[in-house]
Amino acid sequence: MNSSQSNSPPPSLPTLSAPNKTLASNKPPRRQSTFSNSPTSTNSPLARSPTSPTISLTRTLSSDLPDITTTLSQLSPPHLLHQQQQQQTSTANTIKQTIASTTSSFLRRPSSETLFNPAQSAALKTLASSVPLNSNDSSFWAVLLKASKFPSTHSANDAYDLEMATVSLSIELAANNVRTRNFNKLVLHLLSQIQKIKETKPESIPTEAYNALFLTRVFSKHFAGNLTNDEIIQQFEDNNQNITIINDSTTVALDLEKLTINDQVKADRRPRAEQLLDALLSLLINMDPNANYSRYEFYVEVLNTLLVLLSTQLYRTKFTESNYFLEILLERFSDRADAVVAKLLENFIEQKFPPPQSSSKV
């Protein structure tokens, strides 16, 4: 390249005489497709219809692909196809059974047979039945109260299991007790056991005492939660006349082997509810729950029973309806208010840990 050419000025460009039409256009031109000049395939969805490509593609697949069921039926012999259908049906049934069993395990409702042993279940059914029991029937009451201890409730799950296992028994007992008075006889045995504890002051609470209190609390909870005040009175009170008690000179005092009714309990003419509150309040105030685990467990059951008896239904048909046990507490035992409050505050402030279970056995 010559030096003269390299030093020459660049050529001048002509001045634009009008604005750029491309920039001035309201609608900028679309870029020409690379495939605008190429022929469209006859199999292309765009060549078939101007509608949406998705709809066209769906139509293409549904029209081009053969029916799978028809193809399988054509390729597989009839007997093999029948076996495949049976296998699929069997698999589906297995899945349904698995789901059903899994769901039922989550929604299980324990029965008395699963929570109690066979002897306890049979005795509870007899207690709730329409057959009146003899209060001094040593064979029956020994099986119900003394043979084995009923399970304790230490958590919300335990309480739920107990509720589900005893709800049908409680309903049946409430319906039959007006005639049989079997629940009242259970209360008599509980009062006799508490009287024996006061007199002998045993180191460990007898199994029959714990079981009698446990069952009284379980059935009373159903009464308090489902019956009216008049019906609760009807369940607890028998006018001290409808219960047949055999007076035998050999069983005047409480015999722990025969589990008969204590003579002082039989002679007490106060209402059963008043006798029961009197005994429970005395235990609440005077018993040391930290002596051993047996006493601790019994003391907790005393508190639970008092809570049940003094509770009020959340939804009541009549706002003016009274509470039988609350009225007795306020009218008959108001002089114990200071002692009860002091004991409850002492328990709350100390917050002692439960004694080890190895310390004693019920």
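All residue numbers refer to positions counted from 1 along the written sequence of the respective chain. Residues qualify for local features only when their pLDDT is at least 70, as the model is predicted, and side-chain atom pairs are given and counted only at 80 or more; totals for whole chains, interfaces and linings, by contrast, use all residues. The side-chain quantities take in all heavy atoms of the structure and omit both hydrogens and water.

Q: Residue-level account of the overall build of the chain, with values.
A: The helix and strand tally for the chain stands at 18 helices and 0 strands. Burial analysis of the chain (362 residues in total) assigns 35% to the buried set. By definition, residues are in contact when any of their heavy atoms lie within 4.5 Å. For the chain, restricting intrachain contacts to residue pairs at least 6 apart in sequence, the fraction spanning at least 24 positions comes to 76%. Residue burial considers only the protein chains on display, and all accessible areas are found by Shrake-Rupley using a 1.4 Å probe. A total accessible area of about 23,000 Å² is found for the chain, and carbon and sulfur atoms account for 56% of it. Secondary structure elements are defined from DSSP: runs of H or I of at least 4 residues count as helices, runs of E of at least 2 residues count as strands, and each element is numbered from the N terminus. When a residue's accessible area, from a 1.4 Å probe over protein chains only, is under 20% of the maximum for its type it is buried; when over 50% it is exposed; and in between it is partly exposed.

Q: Describe the packing of aromatic side chains, and please don't skip the residues or the numbers.
A: Any two of the Phe, Tyr and Trp rings considered here, Trp counted by its six-membered ring, make a pair once their centres fall within 6.5 Å; the pair's planes then place it as stacked at under 30 degrees, edge-to-face at over 60, or tilted in between. Under the definition given, this model contains 10 aromatic pairs. Between the aromatic rings of Phe150 and Phe214, the centroid separation amounts to 5.6 Å while the plane-to-plane angle is 15 degrees, which identifies the pairing as stacked. Taken together, the positions of Phe150 in the loop between α9 (138-146) and α10 (156-180) and Phe214 in helix α12 (residues 207-226) put the pair 64 residues apart, joining distant regions of the chain. Accessibility expressed as a relative area gives 1% for Phe150, which makes it buried. Between Phe183 and Phe236, the ring centres sit 5.1 Å apart and the planes meet at 90 degrees, which makes this aromatic pair edge-to-face.

Q: Mind laying out the pattern of salt bridges, listing which residues take part and the relevant values?
A: Opposite charge on two side chains permits pairing when their charged atoms draw close. The term salt bridge refers to a pairing of a side-chain nitrogen on Lys or Arg with a carboxyl oxygen on Asp or Glu at a separation within 4 Å. What the rule picks out here adds up to 8 salt bridges. For the salt bridge of Glu163 with Lys221, the shortest nitrogen-to-oxygen distance reads 3.2 Å. Linking Glu163 in helix α10 with Lys221 in helix α12, this pair joins segments that are 58 residues apart in sequence. Relative accessible area serves as the criterion here: at 30%, Glu163 is assigned to the partly exposed category. We note a salt bridge from Asp278 to Arg336, for which the minimum N-O separation is 2.6 Å. Taken together, the positions of Asp278 in helix α15 (residues 272-286) and Arg336 in the loop between α17 (324-332) and α18 (337-350) put the pair 58 residues apart, joining distant regions of the chain. Ionic contacts of the salt-bridge type, sharing partners, join the residues Asp268, Arg270, Asp278 and Arg336 into one network.

Q: Can you lay out the side chain of Asn292 for me, pointing to particular residues and giving the numbers?
A: Its place among the elements puts Asn292 in the loop between α15 and α16 (293-309). Given a relative accessible area of 4%, Asn292 falls into the buried group. Of note is the side chain of Asn292, whose polar atom sits 3.2 Å from the backbone nitrogen of Ser294. Distance and chemistry together define a polar contact, namely a pair of N or O atoms within 3.5 Å, with one atom able to donate a hydrogen and the other to accept it when in protein, and with adjacent residues in sequence counting only for side-chain atoms on both sides.

Q: Let's hear about a nonpolar patch on the surface: which residues, and what values?
A: Two joining distances apply to patches: 9 Å for like charges and 5 Å for nonpolar side chains (Val, Leu, Ile, Met, Phe, Trp, Tyr), and every residue must have over 30% relative accessible area and no salt bridge. Together, Val341, Leu345, Phe348 and Ile349 give the surface a local cluster of nonpolar side chains, amounting to about 450 Å² of exposed area. Examined against the element boundaries, Leu345 turns out to sit in helix α18. Judged by its relative accessible area of 47%, Leu345 falls in the partly exposed class.

Q: Break down the nonpolar core for me, citing the residues and quoting the values.
A: Soluble, globular proteins show a tendency: their nonpolar side chains are buried together. Definition used in this section: a nonpolar core is a set of buried Ala, Val, Leu, Ile, Met, Phe, Trp, Tyr and Cys residues joined via side-chain atoms within 4.5 Å. Counting 57 residues, the largest nonpolar core has Leu144, Leu215, Phe219, Phe223 and Phe298 as the members making the most contacts within it. At 9 residues, the largest contribution of residues to this core is made by α12. In this structure, Phe298 is in contact with Ile197, Ile205, Ala209, Tyr210, Leu213, Leu283 and Met287, ignoring residues within four places of it in sequence.

Q: Report on the environment of Pro289, specifying residues and quantitative values.
A: Locating Pro289 in the fold gives a position in the loop between α15 and α16. For the pair Pro289 and Val300, spaced 11 residues apart in the sequence, the C-alpha separation amounts to 8.2 Å. The residues touching Pro289, leaving out its near neighbours within four places in the chain, are Arg295, Tyr296, Tyr299, Lys343 and Pro355.

Q: A description of unusual backbone geometry should follow, citing residues and the corresponding values.
A: Here the phi dihedral of Lys201 falls at roughly 50 degrees; this positive angle occurs in a residue that is not glycine. The topology assignment puts Lys201 in the loop between α11 (182-200) and α12. Looking at Lys201, the relative accessible area reads 62%, which means it is exposed. If you check the backbone angles, Gln351 has positive phi at about 50 degrees while not being a glycine. Inspection of the secondary structure puts Gln351 in the segment after α18.

Q: Kindly report on the confidence of the model for the chain, identifying the contributing residues and their values.
A: Overall, the predicted model of the chain reaches an average pLDDT of 74, with 60% of residues at or above 70. The predictor reports its confidence for every residue as pLDDT, a score running from 0 up to 100. For the chain, the element scoring lowest by mean pLDDT is helix α4 (residues 53-64), at 46; α15 scores highest, at 94. Below a pLDDT of 50 lies the segment residues 21-25, which in the model reaches 0 contacts outside its immediate sequence neighbourhood of four places, other chains included. Overall, residues 241-256 carries pLDDT values under 50, and its contacts beyond four positions in sequence, including any with other chains, amount to 35 contacts.

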